[in-house]
Amino acid sequence: MKKIIFVCLGNICRSPMAEFVMKDLLEKEGMKGEFEITSAGTSGEHNGESMHQGTKNKLNAKNIKAKNFISKKLTQKMCDESEMIIVMDNMNLQNVKCFYQNVELKLKKMTDFAKDLGYDEVPDPWYSGDFDETYHIVLHACRNLIKEL
Ligand code: 4NP
C-alpha cells in the first residue's frame, strides 16, 4: 500500500483538508484500498486538536467525510514510511528539508499538481480566512495527483 502524507504548518487547516479530499476522491475512484493517506504539521502547536471549524464546514458542505481527525506533528517515522510527502507552501518545504532526514526525493509541493491555477503555494486560510480558495486548489491538485498515481 502506498503511503502519502500531506503536510502544512498547524495540521488543522490545509493538510487535513487535503487528507479528506484525497480520501474522498480515492473512494469515488475505487482506489481506496491502494493508498494510505494521512496528514501532519511541522509545528506541533495544535497537537491533539480537531481540525479548524472552517475546514470542517467546507468538507461538510461538500459531503466529504472527515471523522476521527486529531492534529499531529510530523515525525521522522512518518517521513520514512511515506512514499510521497506533499507540502502546502515554501516554508513547509524548507522546514521539512531542514528538520527531517532522507526526504529530498519524496518531497513535492501541492501546487506542483495544480500548475495551471498559477499558485506557488496553497494560501493559508488561518490568515486569509478564505477556505473556498484553499478548497479549490486542494481539489484540483488532488484530482491531478490521482491521475499521476
Ligand atoms: P495550517 O494553518 O498550517 O493550514 O493548519 C495554520 C494553523 C495554525 C497556525 C498557522 C497556520 N498557527 O499559527 O497557529
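Residues numbered from 1 in each chain as written. Predicted model: local features only at pLDDT ≥ 70, side-chain atom pairs only at ≥ 80, totals over all residues. Heavy atoms only, no water.

Between helix α1 (residues 14–28) and helix α6 (residues 131–148), whose axes approach to 9 Å, the crossing angle comes to 45 degrees. Between α1 and α6, the angle falls in the class oblique. Here α1 runs over α6; the crossing is right-handed. Contacts between α1 and α6 involve R14, M17, A18, V21, M22, L25 and L26 from the first element and F131, T134, Y135, V138, L139, C142, R143, L145 and I146 from the second. Of the residues assigned to the contact of α1 with α6, the class counts are 13 nonpolar, one polar and two charged. (Axes fitted to C-alpha atoms, helices over the stretch in contact; angles between N-to-C directions. Helix = DSSP H or I, 4+ residues; strand = E, 2+ residues; numbered from the N terminus. Parallel < 35°, antiparallel > 145°, perpendicular 65-115°, else oblique. Left-handed = near helix turned anticlockwise from the far one by under 90°. Contact = heavy atoms within 4.5 Å. Nonpolar A, V, L, I, M, F, W, Y, C, P; charged D, E, K, R; others polar.)

What follows deals with the layout of surface pockets. Reported here for the largest pocket is a volume of approximately 230 Å³. Lining of the largest pocket is provided by M1, F20, K23, D24, L26, E27, K32, F35, E36, I37, I64 and K65. Broken down by secondary-structure element, the contributors of at least two residues to the lining of the largest pocket are α1 and β2 (35–41). In terms of residue count, the dominant contributor to the lining of the largest pocket is α1 (five residues). Each residue belonging to the lining of the largest pocket can be placed in one class, and the counts come to six nonpolar, no polar and six charged. Taken as a whole, the second largest pocket spans an internal volume of roughly 180 Å³. If you trace the second largest pocket, you find 13 residues lining it, with L9, G10, H46, D124 and W126 closest to the centre. Split into classes, the residues belonging to the lining of the second largest pocket amount to six nonpolar, four polar and three charged. (1 Å grid on protein atoms, 1.4 Å probe; cavity = no way out; pocket = protein on both sides within 12 Å on 5 of 7 lines; lining within 4 Å. Points joined across faces, edges and corners; volume = space filled by probe spheres on them.)

This paragraph deals with the packing of α1 against helix α2 (residues 53–61). Interaxial distance between α1 and α2 falls to 10 Å at its minimum, and their mutual angle equals 20 degrees. When the axis of α1 is compared with that of α2, the two are roughly parallel. Both α1 and α2 take part in a crossing whose hand is right-handed. Between α1, through M17, F20 and V21, and α2, the contact on the second element is made entirely by T55, K58 and L59.

With that settled, consider the UniProt feature "active site" (unreviewed entry) in the protein chain. Per the UniProt record, "active site" (unreviewed entry) is found at C8, R14 and D124. These residues run over 117 residues, yet every pair of their C-alpha atoms falls within 9.0 Å of each other. From the list above, the second largest pocket is lined by C8, R14 and D124. Of note, C8 is situated in strand β1 (residues 2–8). When residues no more than four places from it in sequence are discounted, the contact partners of C8 are R14, S15, P16, A40, G41, T42, M88 and N92. Position of D124 relative to the elements: it lies in the loop between β4 (107–109) and α5 (125–128). (UniProt positions renumbered as here; feature names shortened; annotations may be inferred.)

Before going further, it helps to examine the site of the ligand. The environment of the ligand is made up of C8, L9, G10, N11, I12, C13, R14, E45, H46, D124, W126 and Y127. Between the ligand and G10, the relevant distance is 2.8 Å, taken from an oxygen atom to a main-chain nitrogen or oxygen of the residue. Protein contact buries 93% of the 360 Å² of open area that the ligand shows by itself. Most atoms of the ligand, that is more than half of them, are within 2 Å of grid points of the second largest pocket. Here the residues of the shell around the ligand sort into six nonpolar, three polar and three charged. (Near = heavy atom within 4 Å. Polar contact = N/O pair within 3.5 Å; in protein donor to acceptor, adjacent residues only side chain to side chain. Areas by Shrake-Rupley, 256 points an atom, 1.4 Å probe, with all protein chains shown as cover. Sits in = over half its atoms within 2 Å of the grid points.)

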